[in-house]
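Structural overview for review
Spelled out from the first residue to the last, the chains are:
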Amino acid sequence: MIDLRSDTVTKPSKEMLQKVLEAEVGDDEYKEDPTVNSLEEYCSELMGFEDGLFVSSGLMGNQISLLIHTNPGEEVITTKDSHIKNYEHGAAAFLSRTQFRDIKSTDGVYDNESLMETIQESKINKPLIKVLATENTHLASGGSVIPYEHIKALSEISNSNGLKLHVDGARIWHAILTEPNSVKYGNYCDSLTFCFSKGLGAPIGSMLLGNKKFISEAREFRKKLGGGMRQVGIIASAARFAIDNRNNLIKDHELASLVNNSIDKENRSFHTVTYKDTNMIFFRFDTPSNAEIFRKKLEDKNIISGYIKKDVIRLVFHQDVESHQVNNIIEAIDYSSSLDI
Ligand SMILES: Cc1ncc(COP(=O)(O)O)c(C=O)c1O
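Residues numbered from 1 in each chain as written. Predicted model: local features only at pLDDT ≥ 70, side-chain atom pairs only at ≥ 80, totals over all residues.

Let's talk about helix H11 (residues 249–262)
Owing to its 3.6 residues per turn, the α-helix brings residues three or four apart onto one side. For H11, spanning 14 residues, the distance from its first C-alpha to its last is 20 Å, which sits close to the expected 20 Å at 1.5 Å a residue. Three or more residues of H11 are buried, namely Leu249, Asp252, Ala256 and Val259. Relative to the axis of H11, the buried residues are bounded by an arc of 90° and lie together on one face. In H11, those exposed residues whose orientation departs by more than 90 degrees from the buried face are Ile250 and Asn261. Buried residues belonging to H11 abut helix H8 (172–178), strand E11 (270–275), strand E12 (280–285) and helix H13 (326–336). (Helix = DSSP H or I, 4+ residues; strand = E, 2+ residues; numbered from the N terminus. Expected span 1.5 Å × (residues − 1). Buried ≥ 20, exposed ≤ 12 C-beta atoms within 10 Å, placed from the backbone. Arc of directions from axis to C-beta. Contact = placed C-beta atoms within 7 Å.)

Next comes the structure, spelled out in structure tokens:
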């Protein structure tokens, strides 16, 4: 079976596991794990931040950021389909007790005029907006890249309005691949989290980045949330291997693009195909039952696909998909594209 449900399904490679065996470890609660310390330093320097904290998940990185940047009852600007708002099990309501305000956006990119209007309105008789959050790449639209220029514009807007800019960069390395000079996010945002456990292919972990004060508070919150870890160099070594080999993502983009280009988009069971130049292809259907027929037929051909919504199916390319499997995938899509059962 070729599992294309998500880029979270990857298994650690032998080379990665070798790094785990060789990892130097210590007690990270005493900041004595050299592998973790080096990973935090490496990532913060790479992306232009003062400091970093290895956390267990992207959710933990996002939610710790909200805990630090907001007080209960204050607001976080986001898009209506963002992960931080919709897919984190209500964690923001549960932990920081903030609420979200949606702003008009296209593929995760805000309409700057609506953004400014909403921020101005929040100063009069409205809950106070404290955070501007963005998601790069933007999952719900199919893995769209948020242009670096938009990040810079958001930085200006947040600075001039006393807001904090947070980037949910779970898949930021896919975005950076398409705009190679867009690495120094520390110059533009207050906090950023990215995942080692998605396209980068590590089994566990995310990096949270910010200034020294922010990371010191984040360490405190990580502990309170039960995320303090001990000889965690064992997993940090896999994460380090993943980030050192981030250029492997090039192959995922190439395979996704090849498959997308091969799809006959006329007269097929799906309504539209969306490919945003990163590692995912979305198929939208007129009805959920057509989506289910497509999913089952792919499965007949040994391809596991994933649901994004009842009528949207995605194929996600990742490090465990090999180039020689592309023809199977193309043939399976072709076979599944007719509604005949
Ligand atoms: C855009 C985005 N942000 C955050 C997360 C949360 O990451 P984790 O599953 O590590 O908590 C995900 C997970 O799929 C994601 O897709």
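Quick word on the domain arrangement of the protein chain
Looking at the protein chain, the domain boundaries give domain 1 (14–244) and domain 2 (248–336). Taking only C-alpha atoms, the centre of domain 1 and the centre of domain 2 are 28 Å apart. Across the boundary between the two partners, domain 1 contributes 13 residues, which contact 14 residues of domain 2. (Domains from an automatic or database assignment.)

Let's talk about the site of the ligand
If you check the shell around the ligand, you find Ser57, Gly58, Leu59, Asn62, His83, Glu135, Leu139, Asp168, Ala170, Cys195, Ser197 and Ser206 and nothing else. With three residues, the top contributor of residues to the shell around the ligand is helix H3 (residues 58–69). Looking at the shell around the ligand residue by residue, the class counts come to four nonpolar, six polar and two charged. (Near = placed C-beta within 6 Å. Nonpolar A, V, L, I, M, F, W, Y, C, P; charged D, E, K, R; others polar.)

Overview of unusual backbone geometry
The phi torsion of most residues other than glycine is negative, and most of the peptide bonds are trans. Omega for the bond connecting Asn136 with Thr137 falls within 30 degrees of zero, at 0°, which places this linkage in the cis form. Structurally, Thr137 can be placed in the loop between strand E7 (129–135) and helix H7 (148–160). With a phi angle near 50°, Asp107 is a residue other than glycine that sits in the positive phi range. Inspection of the secondary structure assignment puts Asp107 in the loop between strand E5 (105–106) and strand E6 (109–110). Judged by C-beta crowding, with 16 C-beta atoms within 10 Å, Asp107 ranks as partly exposed. A positive phi is found at Asn302, a non-glycine position, where the angle reads about 70°.

Some remarks on the environment of Lys184
Position of Lys184 among the secondary structure elements: in the loop between H8 and strand E9 (191–195). Along the sequence, Lys184 and Ile333 sit 149 residues apart, while their C-alpha atoms lie 39 Å from each other. Not counting chain neighbours up to four residues away, the residues in contact with Lys184 comprise Met47 and Gly48.

Digging into the pairing of strand E15 (residues 312–316)
Within E15, five of the five residues are buried, which leaves it mostly tucked inside the rest of the structure. Side chains Val312, Arg314 and Val316 project from E15 onto one buried face, and the interleaved Ile313 and Leu315 project onto a second face that is buried too. Sheet topology note: the E12/E15 ladder contains five bridges and is antiparallel. Note on E15: the bridge partner recorded for Phe282 is Arg314. Taken together, the three bridges between strand E14 (residues 306–309) and E15 define a ladder with antiparallel strand orientation. Opposite Tyr307, over in E15, you have Ile313 as the bridge partner. Taken together, E14 and the strand that follows it, E15, pair antiparallel across an intervening segment of two residues. (Pairing = 2+ DSSP bridges.)

Some details on the packing of H11 against H13
Across the interface, H11 lies against H13 with an axial gap of 10 Å and an inter-helix angle of 35°. For the pair H11 and H13, the crossing hand works out as right-handed. Note on element contacts: H13 touches H11 through Val326, Ile329 and Ile330, opposite Leu255, Leu258, Val259 and Ser262. Taken together, the residues that form the contact of H11 with H13 break down as six nonpolar, one polar and no charged. (Axes fitted to C-alpha atoms, helices over the stretch in contact; angles between N-to-C directions. Left-handed = near helix turned anticlockwise from the far one by under 90°.)

Quick look at the pairing of E9
Among the five residues in E9, five count as buried, and that is most of the element. In E9, alternate side chains face the same way, and those of Ser191, Thr193 and Cys195 on one face and Leu192 and Phe194 on the other are all buried. Note: strand E8 (residues 164–168) against E9, three bridges, orientation parallel. Within E9, the residue paired with Val167 across the bridge is Leu192. Remark: the E8/H8/E9 crossover connection has right-handed handedness. In the sheet, E9 pairs with strand E10 (residues 206–210) via four bridges, with the strands oriented antiparallel. Considered in E10, the bridge of Phe194 is made with Met207. (Right-handed = clockwise from strand over helix to strand, strands pointing away.)

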